[in-house]
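Here are the chains, one letter per residue:
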Amino acid sequence: MQQVKISGWGRPDDALDVARVRGDFPVLDETVHGKPLIYLDNAATAHKPRAVIQRLVQYYETENSNIHRGVHRLSEIATLAYEGTRAAVRGLLNAAEEREIVFVRGTTEAINLVARSYGGAHLQAGDEVVISAMEHHSNIVPWQLICQEKGATLRVIPVDDRGDIVMEAYHRLLGPRTRMVALPHVSNALGTVNPVKAMIADAHRAGAPVLIDGAQGAPHAGVDVQDLDCDFYAFSSHKLYGPTGVGVLYGKAGLLEEMPPYQGGGDMILTVSFEETEYNVLPYKFEAGTPNIAGVIGLGAAVEYLAGLGLEAVAAHEDRVLAYAVERLTRVPDVRLVGTPEHRASLVSFVLGDIHAHDIGTILDQEGIAVRTGHHCAMPVMERFGVPATVRASFACYNTEAEVDVLAEGLEKARRLFAGV
Ligand code: 7TS
């Protein structure tokens, strides 16, 4: 993946030992319909290495306890491990401070938090929120909801025929009414890597903060939030080899400080009386209630695992497999790629003749191949490209060129089946 500065976590000289990596993921030993599992649905969720699974088991078997409250030993251990993940994620994103890392349920909740808390405090009638035409629904609907409530308007940057953002249109949309810009780092439907650093600078010149939806960005290369200068960055643990039910919201301390809480409850307060509540300091102000302790600790193990592989080595491997997939799939007759962006990461979306994507998915499943078919929770993108659905193959550190070949053969088989030859 290009355009993203790796923040010292990469080991560019080390090529990825894919056979060894595959051995770290127990699920890859599974068979599906008698065939070895070929898992190409990593944009939906990635598999978990043994290190993450074992960390969850260790927590539940020997450390299970609530955090930030007990003076007893187990609570101390659990709190240290939970906060250890915060330190690891700060390093992963190169955030300036640990208090800028807020644990939430996932990218979806992170965006809802910002829309509700920041948007709720700042948006007024006539204001504008700018998003793009390639958003996942979770970077559309939260903004739609808050805009409706406040009488603000959602403005959408168009996408060209290749699947790239139309920059002139973006620049025209930015103006004195722009209160927020929210963009995907990488599109989950097209694979486009957006030039977010330049777009953030543009938004800042117009006086607007920027939220980057990093659900598909964070897993595929190092992200340096200080270099990007984004105001918020959101990602999900489960797409980065960690457990489900956990996500991260990075926010600049100055912004998070002045934002009102998103939810009320335990842990987010310093003192409570019936007259008045004094909120806790960052990041706890935004972590009401008992969090997903095991999940957060598991995310720490996932970050450690990824750092051990080397982010640059993983990104280089994925880019190689992806480039091979684009080239190989283009050679399958009747395959039409949906999205041919200038910079692509991690996935390729396509249609095969006029065969419905779901039918292709079912045939591929018979071959043991897992792909996603449908609108990928990005219905406006599908409409933009005039297709109801696509087939999407998305890659992770354990995928190989040989798996791409099996995918291509599966598609050739599907084509023959539907042509009746
Ligand atoms: N943003 C993008 C760009 C995504 O790809 C997704 C999930 C989300 C936000 C939401 O993440 P969540 O973890 O909160 O659900 N994308 C997909 C996908 O492409 N297939 O399944 C989920």
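In case you missed it, the structure is sitting above this.
Residues numbered from 1 in each chain as written. Predicted model: local features only at pLDDT ≥ 70, side-chain atom pairs only at ≥ 80, totals over all residues. Heavy atoms only, no water.

Draft legend 1. Inspection of helix α5 (residues 141-150) at higher detail. Of the residues making up α5, those classed as buried are Pro142, Trp143, Ile146 and Cys147. The buried side chains of α5 occupy one side of the element, clustering within an arc of 125° when seen end-on. Close packing links the buried residues of α5 with α4 (107-122), β5 (128-132), β6 (153-157), β7 (178-184) and β8 (210-213). Glycine 151, located one to two residues past α5, shows a positive phi value of around 75°. (Buried < 20%, exposed > 50% of the residue type's maximum accessible area, 1.4 Å probe, protein only. Helix = DSSP H or I, 4+ residues; strand = E, 2+ residues; numbered from the N terminus. Arc of directions from axis to C-beta. Contact = heavy atoms within 4.5 Å.)

Draft legend 2. Geometry of the site of the ligand. Near the ligand, the surroundings consist of 16 residues, among which Thr108, Asp213, Ser236, Arg372 and Arg392 are the closest. A distance of 2.6 Å separates an oxygen atom of the ligand from a polar atom in the side chain of serine 236. Separating an oxygen atom of the ligand from a side-chain N or O atom of arginine 392 is a distance of 2.6 Å. When the ligand is considered free in solution it has 490 Å² of accessible area, and contact with the protein chains removes 87% of it. Residue composition of the shell around the ligand, grouped by class: three nonpolar, nine polar and four charged. (Near = heavy atom within 4 Å. Polar contact = N/O pair within 3.5 Å; in protein donor to acceptor, adjacent residues only side chain to side chain. Areas by Shrake-Rupley, 256 points an atom, 1.4 Å probe, with all protein chains shown as cover. Nonpolar A, V, L, I, M, F, W, Y, C, P; charged D, E, K, R; others polar.)

Draft legend 3. Molecular detail of the sheet that holds strand β13 (residues 335-337). Pairing is antiparallel in the open sheet, where four strands are placed in the order β13-β14-β17-β16. The sheet is open, and its two edges are formed by β13 and β16 (372-374), each paired on a single side. Each strand of the sheet is rotated relative to its neighbour by a mean of 30°, with strand direction disregarded. Relative to strand β14 (residues 347-352), β13 runs antiparallel, the two being bridged by three bridges. Bridging from a neighbouring strand, valine 335 pairs with leucine 352 of β14. (Pairing = 2+ DSSP bridges. Axes fitted to C-alpha atoms, helices over the stretch in contact; angles between N-to-C directions.)

Draft legend 4. Local environment of the sheet that holds β7. Strand order in the open sheet made by the seven strands is β4-β10-β9-β8-β7-β5-β6, with mixed pairing throughout. Of all strands in the sheet, those bounded by a partner on one side alone are β4 (101-104) and β6. In this sheet, adjacent strand axes meet at a mean angle of 20° when their direction is disregarded. Pairing analysis gives five bridges linking strand β9 (residues 232-236) to strand β10 (residues 247-251), with the strands arranged antiparallel. Paired with tyrosine 233 across the two strands is tyrosine 250, which belongs to β10. Contacts between helix α7 (residues 196-205) and the sheet are confined to β6, β7 and β8, with β8 contributing the most and set at about 160° to the helix.

Draft legend 5. Focus on the pairing of β5. Burial analysis of β5 places five of its five residues in the buried class, which makes it a mostly covered element. Residues of β5 alternate between two faces, with Glu128, Val130 and Ser132 on one and Val129 and Ile131 on the opposite face, all of them buried. Where β5 and β6 come together, five bridges link them in parallel fashion. Looking at the pairing, isoleucine 131 lines up with valine 156 of β6. Of the crossover connections in this fold, the one passing from β5 over α5 to the parallel β6 is right-handed. Pairing of β5 with β7, which is carried by three bridges, proceeds in the parallel orientation. (Right-handed = clockwise from strand over helix to strand, strands pointing away.)

Draft legend 6. Main features of the packing of α4 against α5. Relative to each other, α4 and α5 sit at 20°, their axes nearing to 9 Å. When the interaxial angle is binned, α4 and α5 end up roughly parallel. As for how α4 packs across α5, the hand of that crossing is right-handed. Side by side, α4 and α5 meet where Ile111, Asn112, Val114, Ala115, Arg116, Gly119 and Gly120 of the first sit next to Pro142, Trp143, Leu145, Ile146, Glu149 and Lys150 of the second. Split into classes, the residues belonging to the contact of α4 with α5 amount to seven nonpolar, three polar and three charged. (Parallel < 35°, antiparallel > 145°, perpendicular 65-115°, else oblique. Left-handed = near helix turned anticlockwise from the far one by under 90°.)

Draft legend 7. Representation of helix α14 (residues 401-419). Compared with an ideal rise of 1.5 Å per residue, which puts 19 residues at 27 Å, α14 spans 27 Å between its outermost C-alpha atoms and is within 8% of the ideal. Residues of α14 that are buried: Glu403, Val404, Leu407, Ala408, Gly410, Leu411 and Ala414. Seen along its axis, α14 keeps its buried residues to an arc of 160°; they face one direction. One or two positions beyond α14, positive phi appears at glycine 420, with a value near 70°. (Expected span 1.5 Å × (residues − 1).)

Draft legend 8. Here's a closer look at the nonpolar core. By size, the foremost hydrophobic cluster in this structure holds 76 residues, and its most contacted members are Leu93, Tyr233 and Tyr398. With 11 residues, the single largest contributor to this core is helix α10 (residues 293-309). Not counting residues within four places of it along the chain, the set of residues in contact with leucine 93 comprises Ile101, Val223, Asp224, Val225, Tyr233, Phe235, Val248 and Tyr250. (Core = buried A, V, L, I, M, F, W, Y, C linked by side-chain atoms within 4.5 Å.)

These figures come from the coordinates and say nothing about function on their own.
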